[in-house]
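# Results of the structural survey
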Amino acid sequence: MKKGNSPKKIHFPNNPIKNKDKAFKSDQDAHEVMIYAGTGHWPSGVEEETEINKGFIQKNPELLLKVPENQELFTKTELDKLIPLAKRSLEESKD
């Protein structure tokens, strides 16, 4: 390899494990992760879909406990507020 032609390293900002897992789900997901790795921005539609999902889960917080993967959408601070609501919602649904 000639000097200055070293392979470009891919950097996954934010949560590299989550991005790596997403990249192995499908060709489309791998493409989206590559765009994010190169630009720092998700392709159009991905961020909007995430926000829609977060809004739905905030209205139905029990989904954080029923489907633990949903917790990956939220920060620790957000989860600290939502998890007690989720537990309360599940308790109320048992009554």
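Residues numbered from 1 in each chain as written. Predicted model: local features only at pLDDT ≥ 70, side-chain atom pairs only at ≥ 80, totals over all residues. Heavy atoms only, no water.

## Description of the overall build of the chain
Test applied: Every helix listed is a DSSP run of H or I at least four residues long, and every strand listed is a run of E at least two residues long, numbered separately from the N terminus. Any two residues whose heavy atoms approach within 4.5 Å are treated as being in contact. Here the open area of atoms and residues is found with the Shrake-Rupley method and a 1.4 Å probe, where only the protein chains shown may cover a residue.
Along the backbone of the chain there are 5 helices and 0 strands. Traced from its N-terminal end to its C-terminal end, the chain shows the element sequence α-α-α-α-α. Long-range contacts, defined here as pairs at least 24 residues apart, represent 25% of the contacts in the chain between residues at least 6 apart. Approximately 7500 Å² of the chain is accessible, and the part contributed by carbon and sulfur atoms is 54%.

## As for the pattern of salt bridges
Once their charged atoms are close, side chains differing in charge can pair, the charge on each being opposite to the other. Keep this limit in mind: Salt bridges are defined as contacts in which a side-chain nitrogen from Lys or Arg sits within 4 Å of a carboxyl oxygen from Asp or Glu. For every residue, the accessible area obtained with a 1.4 Å probe (protein chains only) is divided by the maximum for its type, and the residue is called buried under 20%, exposed over 50%, and partly exposed between those limits.
Counted by the stated rule, this structure contains 2 salt bridges. The partner of Lys54 in a salt bridge is Glu78, with the nearest N and O atoms 3.3 Å apart. Separated by 24 residues along the polypeptide, Lys54 in helix H3 (residues 46-59) and Glu78 in helix H5 (residues 76-94) bring together distant segments of the chain. Residue classification places Glu78 among the partly exposed residues on the basis of a relative accessible area of 24%.

## Some words on the nonpolar core
Definition in use: Only buried residues count toward a nonpolar core, which is a set of Ala, Val, Leu, Ile, Met, Phe, Trp, Tyr and Cys residues joined through side-chain atoms within 4.5 Å.
Within the largest apolar cluster, 6 residues are counted, these being Ile57, Leu64, Phe74, Leu79, Leu82 and Ile83. At 3 residues, H5 tops the list of elements feeding residues into this core. The contact partners of Leu82, leaving out residues within four places of it in the chain, are Gln58, Pro61, Leu64 and Phe74.

## Regarding helix H2 (residues 27-39)
Put simply, the test is: The length a helix should cover is 1.5 Å for every residue beyond the first. Within this analysis, the arc is defined by the directions that extend from the helix axis to the C-beta atoms.
Here H2 contains 13 residues, and its C-alpha end-to-end distance of 18 Å stays within 8% of the 18 Å for a straight helix at 1.5 Å per residue. For H2, the complete set of buried residues consists of Asp29, Glu32, Val33, Tyr36 and Ala37. Around the axis of H2, the buried residues are gathered within 135° of arc, so they sit on the same side. Facing away from the buried surface of H2 by more than 90 degrees, the exposed residues are Asp27 and Gly38. Residue Gly40 follows H2 closely and has a positive phi angle near 85°.

## Overview of the environment of Leu63
Note that Leu63 resides in helix H4 (residues 63-66). Assessed through its relative accessible area of 21%, Leu63 is described here as partly exposed. Sequence separation of Leu63 and Leu90 is 27 residues, and the distance between their C-alpha atoms is 9.4 Å. Not counting residues up to four positions away in its chain, the partners in contact with Leu63 are Phe56 and Asn70.

## A closer look at the confidence of the model for the chain
When pLDDT drops low, the exact placement of atoms in the prediction is not to be read closely. The line we're drawing: Per residue, pLDDT measures the predictor's confidence, with a range of 0 to 100.
When pLDDT is averaged along the chain, the result is 78, and 75% of the positions lie at 70 or above. Taken element by element, the predicted model of the chain shows its lowest mean pLDDT in helix H1 (residues 16-23) (60) and its highest in H4 (94). Note on residues 5-13: pLDDT under 50 across the span, and 11 contacts to partners over four residues away in sequence or across chains.

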